[in-house]
Amino acid sequence: MLKQEHIYSDEYLIIPVRVNIQDRKELLDKVRKTGEEYDAAIVCLNREMIAGFDHVRTALEHAIRAWKEDQMIARSLEVEVLLYAAGTRQTGLIGPFGPENGTSDYYLCIIPPRPEAAAALLECMEEVNDEDWNEMPENKASRLIRAYNITPEELEVTGRDRLGDLIRERSALLAVNR
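Criteria and cut-off values
Once a new chain begins, its residue numbering starts again from 1 and follows that chain's sequence as written. The predicted origin of the model limits local features to residues at a pLDDT of at least 70 and limits the giving and counting of side-chain atom pairs to 80 or more, whereas totals for whole chains, interfaces and linings rest on all residues. Here the side-chain values reflect all heavy atoms present in the structure, with hydrogen atoms and water set aside. Using a 1 Å grid laid over the protein atoms alone, points where a 1.4 Å probe fits but cannot get out form a cavity; open sets with protein on both sides within 12 Å along at least 5 of 7 lines form a pocket; any residue with an atom within 4 Å of a point counts as lining. Grid points are joined across faces, edges and corners, and a volume is the space filled by probe spheres set on the points. Secondary structure elements follow DSSP: runs of H or I no shorter than four residues count as helices, runs of E no shorter than two count as strands, and numbering proceeds from the N terminus. In this classification, Asp, Glu, Lys and Arg are treated as charged, Ala, Val, Leu, Ile, Met, Phe, Trp, Tyr, Cys and Pro as nonpolar, and every other residue, Gly included, as polar. Whenever a nitrogen or oxygen atom comes within 3.5 Å of another N or O atom, the pair is scored as a polar contact, on the condition that within protein one atom can donate a hydrogen and the other can accept it, and that pairs from neighbouring residues in sequence are kept only if both atoms are in side chains. The contact criterion used is simple: two residues touch if any of their non-hydrogen atoms lie within 4.5 Å.

Chemist: How would you sum up the layout of surface pockets? Please name residues and give values.
Modeler: Its volume calculated, the largest pocket comes out at about 400 Å³. Along the wall of the largest pocket there are 18 residues; nearest its centre are Leu28, Ile42, Glu78, Val79 and Leu82. Sorting the residues of the lining of the largest pocket by element identifies helix H1 (24-37), strand S3 (41-46) and helix H3 (77-86) as the ones contributing at least two each. The dominant element in the lining of the largest pocket, judged by the number of residues it contributes, is H1, at six residues. Across the lining of the largest pocket, the residue classes tally to 11 nonpolar, three polar and four charged. What the second largest pocket holds in volume is close to 260 Å³. Every residue lining the second largest pocket is counted, 15 residues in all, and those nearest its centre are Ala86, Gly87, Thr88, Ala147 and Asn149. Along the lines of polarity and charge, the residues of the lining of the second largest pocket split into nine nonpolar, four polar and two charged.

Laid out in structure tokens, this is it:
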């Protein structure tokens, strides 16, 4: 299996994690408090709703750009990242992109990169580094096609192997259609 490393940039850190969430509110409080303590925006993106690391990078880069240019849709950078990941301006549609009760996988995103914040959160999360998180099995592809309203015509033109590109385009279009 592919060993997945942390993804660092000057602006963010992405870590693939698995979390068993007993109380969603408790986890979100810990994430918020950790962000406050280390002066970082922290977001957990549900792996089941994301088309790989390029999709996460696209959402982060667009959200950070909107934040820097004072052009955000949302009131917080965390929600802005979720909106770009979901490719929508409607906060009511971003629920499936964040944490849920139960055991699930997430892209832990820390803006700006704060290894201390990552260490604090990894006390209650398991880092996953032995799986290819860019892989898209058929059941996930079908779920993403529905979630992002990808039309049969779009798939026919681009090919199913470019589904991730179509999804990232939804994030880019959100930036254009402010």
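Chemist: How would you summarise the side chain of Ser171 if you had to cite specific residues and measurements?
Modeler: Looking at the secondary structure, you find Ser171 in helix H7 (residues 163-176). One polar contact links the side chain of Ser171 to the main-chain carbonyl oxygen of Tyr84, over a distance of 2.4 Å. Beyond its immediate stretch of four places on either side in the chain, Ser171 contacts His55, Thr58, His62, Tyr84, Ala85 and Gly87.

Scope: geometric values only; no functional claims are made or implied.
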